[in-house]
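# Fold and contact review
Below are the chains, spelled out letter by letter.
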Amino acid sequence: MTMPNRDSGSWAIVNAPARDSTIGIVGAGAMGTGIAQVVAAAGHHVLLGDSMAGAVRRAQAGIRASLDKLMEKGKLDVQKRGLILSRIDFFEEPLGMDASPYRDCSLVIEAIHEDLGAKQALFAALASVVAPSTVLASNTSSLSIASIASNCVYPERVIGIHFFNPAPVLPLVEIVPWMGTSPAVLDGTRTLVDSWRKTTVVAADTPGFIVNRLARPFYGEALRIHDEGIGDCATIDWALKEFGGFRMGPFELMDFIGNDVNFAVTRSMYESSFWEPRYKPSVTQKQLVDAGFFGRKSGRGFYRYDGSAMPEPARDAAVGRQIFERVLAMLINEAADAVFYRVANPHDVDLAMMKGANYPKGLLAWSDELGATWAFDRLTALQAEYAEDRYRPSALLRRMALSKGRFHS
């Protein structure tokens, strides 16, 4: 399929990459390393590079260790392990801004640190050496794909391919076209990633895409409940697991992710959405970050990880249900708003939260089960009590409640 060159009116060839093509990965950190393993396991030749000395060597050791664990579990044999490693070209020389090693790739996936300027510079460098038909993808979790594409020649071949960490384990991949992405690139990219045995959803190029956007109330409302003194960390975590069936409570999960990382995503969401009150960061979490209490990786976060006993929750069923229902109402509202603003369709919204965040149910299916008035009534009561826009019901949730409608047929 051909696409018009927006500068000259001529045509640039923008094709989805063939299955037997070479796929480049720029960035050999945890995400880039995991993506390289996924792509090689699917049968592609992979070129993995990084600008930092020693990063690719560490990535090679990490992939070998990951494959060895799969062998120990009986999920991989020696021959398959060897084939996967043989498909990866570990380019150990630091790249700098030299993108020439990627000149023959049909798809390049960027997985460097979350810095817009660095990504723009890299995409411009890649666009200057690869063929016009090469698809350029970013694994960003929070930055605008449109902004990343802005410095590219043939920006219609730029798209987001957002994996979740660890990429070889978690099935979800968000496919994120910006407003100028070629339909052929979108369709071809999704088909390709589907062939890697991943579960794909399509998300609009908006702050947080699907999962990072919809998950904000799980953390933010839990922090608000904590700050109001309704429950401590252990009680709130217990309530979400006991009454909601979540695998981890919000404070356990923030400590696992890293409070520095979680806070940065929330702040980015708040700023990029022009200070939407639902995404307002927590002063409590900022204090933890300022103190270096990042969670498990630092030995202390909301909990201590020094071998001491974990605090026991106050197992008050009435309080626990109150906590759970408040958080769930906010989550459902966020999901409804994502559909209202066409971030994704109801099917992809629910699939993303189950596959990308391990939620026990899709949020919109949960709403259908309870009835749209369930969340609407709770949000209306919270908005009346607090007089804050934070609790305003989504226009779509309001419509569903008034019409007794459902998100899924």
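Scoring rules and cut-offs
- Residues numbered from 1 in each chain as written.
- Predicted model: local features only at pLDDT ≥ 70, side-chain atom pairs only at ≥ 80, totals over all residues.
- Heavy atoms only, no water.
- Helix = DSSP H or I, 4+ residues; strand = E, 2+ residues; numbered from the N terminus.
- Buried < 20%, exposed > 50% of the residue type's maximum accessible area, 1.4 Å probe, protein only.
- Contact = heavy atoms within 4.5 Å.
- Areas by Shrake-Rupley, 256 points an atom, 1.4 Å probe, with all protein chains shown as cover.
- Lys, Arg positive; Asp, Glu negative; His and termini not counted.
- Charge placed at Lys NZ, Arg CZ, Asp CG, Glu CD.
- pLDDT = per-residue confidence, 0-100.
- Pairing = 2+ DSSP bridges.
- Salt bridge = Lys/Arg side-chain N within 4 Å of Asp/Glu carboxyl O.
- Axes fitted to C-alpha atoms, helices over the stretch in contact; angles between N-to-C directions.
- Parallel < 35°, antiparallel > 145°, perpendicular 65-115°, else oblique.
- Nonpolar A, V, L, I, M, F, W, Y, C, P; charged D, E, K, R; others polar.
- Phe/Tyr/Trp six-rings, centres within 6.5 Å; stacked < 30°, edge-to-face > 60°.
- Patch = residues over 30% accessible without salt bridge, like charges linked within 9 Å, V, L, I, M, F, W, Y side chains within 5 Å.
- Left-handed = near helix turned anticlockwise from the far one by under 90°.

## Structural notes on the overall build of the protein
In terms of regular secondary structure, the protein is built from 17 helices and 10 strands. Judged by the C-alpha coordinates and their principal axes, the protein covers about 60 × 55 × 40 Å. Burial status across the protein gives 51% buried among its 409 residues. Contacts in the protein between residues far apart in sequence, at least 24 positions, make up 68% of those at least 6 positions apart. When the accessible surface of the protein is summed, it comes to about 17,900 Å², and 53% of that surface belongs to carbon and sulfur atoms. Each charge class in the protein can be summarised by its mean position, and for the 43 positive and 45 negative side chains these summaries are 3 Å apart.

## Notes on the confidence of the model for the protein
In the predicted model, the protein carries a mean pLDDT of 93, and 95% of its residues have values of at least 70. Taken together, the stretch residues 1-14 has pLDDT below 50 and engages in 33 contacts with residues farther than four places along the chain or on a different chain.

## Quick notes on unusual backbone geometry
Cis geometry marks the peptide bond from N165 to P166, where omega comes out at 0°. Counting through the fold element by element, P166 comes out in the loop between β8 (158-163) and β9 (172-177). Of note in the backbone geometry, W275 takes a positive phi value of approximately 65° without being a glycine. With respect to the helices and strands, W275 occurs in the loop between α11 (259-272) and α12 (283-291).

## Focus on the pairing of strand β3 (residues 22-26)
Across the five residues of β3, four count as buried, placing the element largely inside the fold. Where β3 lies against strand β4 (residues 45-49), five bridges are found, and the strand directions are parallel. If you follow V26 over to β4, its bridge partner there is G49. The pairing of β3 with strand β6 (residues 107-110) spans four bridges and is parallel. Note on β6: the bridge partner recorded for V26 is E110.

## Some thoughts on the pattern of salt bridges
Under the criterion given, the structure shown has 22 salt bridges. Across the pair D290 and K286 runs a salt bridge, and its minimum N-O distance is 2.8 Å. Linking D290 with K286, this pair stays in helix α12, spanning four residues, or about one helical turn. Given the relative accessible area of 56%, D290 is considered exposed.

## Some points on the packing of helix α9 (residues 233-244) against helix α13 (residues 317-340)
Axis separation between α9 and α13 bottoms out at 8 Å; the angle between their running directions is 80°. With respect to their mutual orientation, α9 and α13 come out roughly perpendicular. Taking contact as the criterion, the partners of T235, I236, W238, A239, L240, F243 and G244 in α9 are, on α13, A317, G320, R321, I323, F324 and V327. Each residue belonging to the contact of α9 with α13 can be placed in one class, and the counts come to nine nonpolar, three polar and one charged.

## Some details on the sheet that holds β8
Spatially, β5-β4-β3-β6-β7-β8-β9-β10 is the arrangement adopted by the eight strands of the open sheet, whose pairing is mixed. A strand with exactly one partner marks an edge of an open sheet, and here the two such strands are β5 (88-90) and β10 (199-202). Within this sheet the neighbouring strands show an average axis-to-axis angle of 25°, counted without direction. As defined by bridge partners, β4 adjoins β5 across three bridges and the pair is classed as parallel. When the bridges of β5 are listed, L48 appears paired with F90. The strands touched by helix α2 (residues 55-72) are β4 and β5; relative to β5, the strand with the most contacts, the crossing angle is about 145°. Across the sheet, helix α4 (residues 116-127) is in contact with β3, β6, β7 (135-138) and β8; its angle to β7 comes to roughly 165°.

## Here we look at the packing of aromatic side chains
The relation between two aromatic rings is expressed through the spacing of the ring centres and the mutual angle of the planes. The full count for this structure, using the stated rule, is 12 aromatic pairs. On the basis of an interplanar angle of 15° and a centroid distance of 6.4 Å, the ring pair of F163 and W196 is categorised as stacked. Here W196 lies in the loop between α6 (183-194) and β10 and F163 lies in strand β8, a separation of 33 residues in the sequence. Assigned by exposure class, F163 and W196 land together as buried. Their ring planes at 90° and their centres at 5.0 Å tell us that F246 and Y359 sit as a pair that is edge-to-face.

## Some details on a nonpolar patch on the surface
On the surface, a nonpolar cluster with roughly 250 Å² of combined accessible area is contributed by F256, I257 and V261. Here I257 shows up in helix α10 (residues 250-257).

## Re the packing of helix α8 (residues 216-227) against α9
One way to put it is that α8 packs onto α9 with a least axis distance of 10 Å and a crossing angle of 135°. Overall, the two elements α8 and α9 adopt an arrangement that is oblique. With respect to the hand of their crossing, α8 and α9 are arranged in right-handed fashion. Packed against α8, whose contacting residues are F218, A222, I225 and H226, the element α9 presents C233, I236 and L240 at the interface. Of the residues contributing to the contact of α8 with α9, the split by class is six nonpolar, one polar and no charged.

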